[in-house]
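Next come the chains, spelled out residue by residue.
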Amino acid sequence: MQPRLIQHICNHGDVYSILCILAVCILFLSPYLFSSPTPLIYPVSELGTDLDRDVLPNLEYIANAFQTTGELPLWRDYLLSGAPLMGHPSLPLFYPPNWLLLALPLPFGLNLLAVLDFSWMGIGMYLFLRRTAGRDVLPALFGGIAMMLSPKWIAHLSGGHWYMLAALAWVPWALFTFDCYWHSRKIPWLFVLAIAFAAQGMNHLPIFIITALSVALFSLTYFAPKSWRAWVAKSAPGWAAVVLLTAGLLAAQMLPLLELYPHASHTTEAVTFTSLNPAALLVSIFPPELKYPEWFLFPGLAVLLFAGLSWAYGWTLFEKNWVIGGLLGLLLSLGEYTPLYGWLFGWNPLLSALRVPTRWWLLTILALVILAAAGFAGWLRNGQRLNRRAKTVAGALLGLELLAGTIRLTLRETFPFDTLSTAIFALLLAALLIAGHAHRPAFVPAAVLLVLVVELMVVGGSLIRPRPTGDSGVSASVIAKAQSELAEGERIYSPQEGFPALALVRSGIDAAEGYDALPLTHYLGFIRLATGCPLVQEATGSEEELAACLNPQVVRPDLLKLLNVRRLVVRQADGWQVSELAPGFGRAFAAAQVESTSAQSCLAALAGVDAGEVSLVEGGKTGPGGQLRVDSQDRGVNAETFRVHVLDAPVLLIRSESWAPGWHVSVDGQDADVLRVDCALQGVWLEPGEHTVVFRYQPFGYPIGGWISACTLASIGLWAGANMFFKRKPSQAG
C-alpha cells in the first residue's frame, strides 16, 4: 500500500513531476537567485571560467551598446583591434531567451537563464522517458532529475559554458519530438524538432551535431532489416523537412558564420588537451578532486547504481541501442587515444567544430540516465526485490564506493578523488535497497529519489560558488594607470590575455590582444610577428614561446604603431607593469609607399619591410603615397566616419582596425573597396580633396539570413495558425 502522497502523484503525475523538477532546480540555484546583490556563478577551482573572459564581457558590451544607442552591435572594438560579433559561433544573438539579458540586470538574467535551461532539460527528459520508454511517473522523474542535475553539466556551468548549456537543454526535447512525429506522423512535431535543432545550432554547434547523431541513432530503434525500404520511406521525408526548416531558422546566424569561417583559425590542438586518457576512466565512477569541466564525468552514484540494475533486470531493444550509444560516446571521448578521431578529422575538416572529444560524453550521460530510469522501473516492477545479478551489481558498486571513501579518509593527499560524500550516499542507498528487498516499505522509492536529489546537489554544489558582480579582475589603480591620457582609439597591449576583458569593457579601454574562440587567422600571424607572442587561444605555453614573447630583439615597434598601441600592460609576479610606448600612427593615416602582395605571402613580405615606410596591399594599385589630414572622426557601434583632406596625390587611407569579411566603405556616399592592408588592417584609396569616409560593418549574410529566418518562422506560424483554424471550423459549424 503506497502512501497517499505517492498515490496522488501517480494519479496526477505529469503536472506534479514537472513542478517537482522545477522546484528542485530553483532550490539548487536559489543562492544565486535570491541573494542581494545577485552574485555570479563561479568555479570553486582556480582553473578560470569563460564567464570572465568571454561571456560576461560580450554581454555587457552588447547590453550597454543596445541600451545606449538602440542599435544591436555586430562588431566589438574592445579586443583584438576589433573582432566580429555577428556570426560568431559562441555569441548567439538570435536565441530569443538571450534577449532577456538586454532587459534584466546581467547577474540575475544569467542565473535565471541557468534555471530555465536546467529545468527545461529535466522536463524534456521526463517527457521523453514517459512517452518513449513507457516509464511510470517515478522512474521518469528519476531520469528527469538525473539529467537536469548531472554533475557534468554543473561542471560546465562552473566553466562559464552558458551557451553550451542552452544547447544541452534541448537534447531531450529533440529526442522526444522525433518520437512523437514517428508515431503520429503529424507535421507540427517536425516544426518543434526543427526549433529544437535551431536552438542548439544558435548556441553550440558541436552539441547540435552530437544531438542530430543521437536522434539518428535513436531512429534505428525502429529499424527492421526485412522492411528497410518502408523505414527509409518513412524517415526520409521527415528528415528532409527538418533539415530545410532548421537551415531556414538558422540562416540569420549561420550565413554570417559561413562568411567568416574561411578567414578564421580553427585548429585541432584542443583534441590533445581534452582527450580522455583511458587511465583516467575512474573519473566516471568517482568524483575527481580536479574540477576541470571537460574531465568531470561522474554522473552520480545513484545513476550508476540503477543503470547497473537495468542490466540485472534485463534490457529491452530500446535500452540495448542506448548501451551502444553510450559506448560510442565513451569511445569518441578518448579522442587522440584512438585512431578514430584522427581518421574523422582527416576525412572531414569541418569536424574541427568537434575538437573537444569529451563533449561526446553527452551520449554516455544520455545512455546512463535512460538505463538508470529503466533500472529504477525494473526495481519497482519486481517489488523492490533484488535478483542474484542485481545483488552482485549493487554489492560490487556500493562496496567499491565504500572502499574508495575509506582510502580517501586514510590517504587524503595521494588519492585524487572526493569520495567521502559518495561513501555516505553508498551507505544510504545500501540501507534503502536492503530495506526494500526485505520488507518492501512504501516510502523506499521516494527515499531513493530524495537521496538522488541530495547527492546531485552535494556533488554539483561542490563545483560552484558565488562571486560579487563588481570584481573585474584588476584593481582600479591599475585601470587608471593603463587608461591615463589615452587618446580616442589608442590601445593597450597585454600579452597572453593579461588584462581582463571585463575590465576593458567597463573602463572603455581598447586592446590589441584578447580571447576569441574563433580568431581571425591573419590577425594571429600579425600579432605574433609584431610581438613574438601568440594569442592566448593558440599558445602552447612552451619555453620557446615564453622566451620569444616581448623579447626586445623580436618586438616590432612599427607594427605596434600600426595597431595604435600606446601602452604595454604586463602581469608579473609582484603586480602589474604599465610601460609607455611611442605614439601610434592614429586611427586613420596615409601610407607612405604602397606595394602589392598576396594573402599567402603577406606575412613573409611584412617581415622584411618597415611598416612606417612601406604598406603592403592585397590587390589594387600601388605607388608612392600622398599626404592626408584627418579633420574629424566619429566612431559608432557598427561604423566609423572620418572627414579627411587629401592634399596632393591619391593616397591609401589605412584604418587601424582589424580587417574582416563584412566591412564596407563609402567615400562621399559612393561604395568603394575595403582593401586588406599590411595583412591585417583596412584601407581605401582616396583622390585629392575633401572626403567623408564611412566604414560600416554588416556581413553580407546578415540581412539575407535575417529575411530567410523571419520567413521560415512566419511560415511555421502561419501553418500552425491555419491548421488550428480549419480544425476548429467544422466543430463550430456543427
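Residues numbered from 1 in each chain as written. Predicted model: local features only at pLDDT ≥ 70, side-chain atom pairs only at ≥ 80, totals over all residues. Heavy atoms only, no water.

Participant: What is the right way to look at the confidence of the model for the protein chain in this model?
Facilitator: In the predicted model, the protein chain carries a mean pLDDT of 85, and 91% of its residues have values of at least 70. Overall, residues 5–9 carries pLDDT values under 50, and its contacts beyond four positions in sequence, including any with other chains, amount to seven contacts. (pLDDT = per-residue confidence, 0-100. Contact = heavy atoms within 4.5 Å.)

Participant: How should the sheet that holds strand β13 (residues 628–635) be read in this particular structure?
Facilitator: Within a sheet, adjacent strands bond to each other through the backbone by hydrogen bonds, running parallel or antiparallel. With respect to topology, five strands assemble into an open sheet ordered β13-β14-β20-β16-β17, the strand pairing being antiparallel. Since the sheet does not close on itself, it has two edges, and those belong to β13 and β17 (670–672), each with one partner. Along the sheet, successive strands turn relative to each other by an average axial angle of 25°, direction set aside. Where β13 and strand β14 (residues 639–646) come together, seven bridges link them in antiparallel fashion. Along β14, the bridge assignment pairs Gln633 with Phe642. (Pairing = 2+ DSSP bridges. Helix = DSSP H or I, 4+ residues; strand = E, 2+ residues; numbered from the N terminus. Axes fitted to C-alpha atoms, helices over the stretch in contact; angles between N-to-C directions.)

Participant: Any chance you could explain the side chain of Glu455 here in plain terms?
Facilitator: Turning to its location among the elements, Glu455 is positioned in helix α20 (residues 444–461). The residues touching Glu455, leaving out its near neighbours within four places in the chain, are Phe298, Gly300, Leu301, Ala302 and Phe425.

Participant: Sorry, what's going on with the nonpolar core here?
Facilitator: Soluble globular proteins tend to pack their nonpolar side chains together in the buried interior. The biggest cluster of nonpolar side chains holds 228 residues, and the ones touching the most others in it are Leu29, Phe118, Phe306, Phe499 and Leu686. Take this core: its biggest share by element is 14 residues, from helix α17 (residues 361–381). Other than its neighbours up to four places away in sequence, Leu29 contacts Ile41, Ala114, Val115, Phe118, Leu157 and Ile464. (Core = buried A, V, L, I, M, F, W, Y, C linked by side-chain atoms within 4.5 Å. Buried < 20%, exposed > 50% of the residue type's maximum accessible area, 1.4 Å probe, protein only.)

Participant: How should I be thinking about the side chain of Arg567 in this particular structure?
Facilitator: As for its position among the elements, Arg567 is in strand β7 (residues 565–572). Polar contacts involving the side chain of Arg567 include one to the main-chain carbonyl oxygen of Ala482, which spans 3.2 Å. For Arg567, the side chain forms a polar contact with the main-chain oxygen of Ser484, separated by 2.4 Å. (Polar contact = N/O pair within 3.5 Å; in protein donor to acceptor, adjacent residues only side chain to side chain.)

Participant: Would you explain the packing of aromatic side chains in this entry?
Facilitator: Counting across every chain of the model gives 26 aromatic pairs. Arranged with centres 5.8 Å apart and planes meeting at 80°, the rings of Phe176 and Trp189 form a pair that is edge-to-face. Taken as a pair, Phe176 in helix α9 (residues 171–184) and Trp189 in helix α10 (residues 187–203) lie far apart in primary sequence, 13 residues in all. For Phe176, a relative accessible area of 10% corresponds to the buried category. Taken together through their ring pairs, the aromatic side chains of Trp120, Trp170, Trp173, Phe176 and Trp189 make up a single cluster. The ring of Trp685 has Lys621 lying over it, and the distance from NZ or CZ to the ring centre is 4.8 Å. (Phe/Tyr/Trp six-rings, centres within 6.5 Å; stacked < 30°, edge-to-face > 60°. Lys NZ or Arg CZ within 6 Å of the ring centre and 35° of its normal.)

Participant: Would you take a moment to explain the packing of helix α2 (residues 13–29) against α20 for this structure?
Facilitator: Each pair of packed helices can be summarised by the angle the axes make with each other and by the distance between the axes. Direction vectors running N to C along α2 and α20 enclose 35°, while the axes themselves pass 11 Å from each other. The two elements α2 and α20 meet at a crossing, and its hand is right-handed. Contacts from Val24, Leu27 and Phe28 of α2 reach α20 at Val453, Met457, Gly460 and Gly461. Looking at the contact of α2 with α20, its residues break down into five nonpolar, two polar and no charged. (Left-handed = near helix turned anticlockwise from the far one by under 90°. Nonpolar A, V, L, I, M, F, W, Y, C, P; charged D, E, K, R; others polar.)

Participant: Help me out: how do you make sense of empty space enclosed by the protein in this one?
Facilitator: Empty space among the atoms becomes apparent when a probe as large as a water molecule is rolled across them. Counted by the stated rule, this structure contains five cavities of 30 Å³ or more. Of the pockets and cavities examined, the second largest cavity occupies roughly 60 Å³. Lining the second largest cavity we find twelve residues, and of these Leu80, Asp516, Pro519, Leu520 and Tyr523 sit closest to its centre. When contributions to the lining of the second largest cavity are tallied by element, the ones reaching two or more residues are β3 (83–84) and α23 (521–531). A per-class count over the lining of the second largest cavity returns nine nonpolar, two polar and one charged. (1 Å grid on protein atoms, 1.4 Å probe; cavity = no way out; pocket = protein on both sides within 12 Å on 5 of 7 lines; lining within 4 Å. Points joined across faces, edges and corners; volume = space filled by probe spheres on them.)

Participant: I tried to follow the pairing of strand β1 (residues 40–43) on my own but got confused; where do I start?
Facilitator: Each regular strand displays side chains that alternate between the two surfaces of the sheet. Alternating positions in β1 separate into two faces, Leu40 and Tyr42 on one and Ile41 and Pro43 on the other, with burial throughout. As paired elements, β1 and strand β4 (residues 464–467) share four bridges and run antiparallel to each other. Residue Tyr42 lies in a different strand from β4, and its bridge partner there is Arg465.

Participant: Can you walk me through the layout of surface pockets in this structure?
Facilitator: By volume, the second largest pocket amounts to about 510 Å³. Taken together, 22 residues line the second largest pocket, and the ones lying closest to its centre are Ser284, Leu304, Ala307, Thr364 and Leu368. Put simply, the parts of the chain that give the lining of the second largest pocket at least two residues each are α14 (301–313), α15 (317–333), α17 and α18 (388–410). The residue inventory of the lining of the second largest pocket, partitioned by class, reads 18 nonpolar, four polar and no charged.

Participant: Is there a simple way to explain α10 in this structure?
Facilitator: Residue pairs three or four apart in sequence face the same way in an α-helix, which turns once every 3.6 residues. For α10, built from 17 residues, the straight-helix expectation of 24 Å at 1.5 Å per residue is met to within 8% by its first-to-last C-alpha distance of 25 Å. When we look at burial in α10, the residues that qualify are Leu190, Phe191, Leu193, Ala194, Ala196, Phe197, Ala198, Ala199, Gln200, Gly201, Met202 and Asn203. (Expected span 1.5 Å × (residues − 1).)

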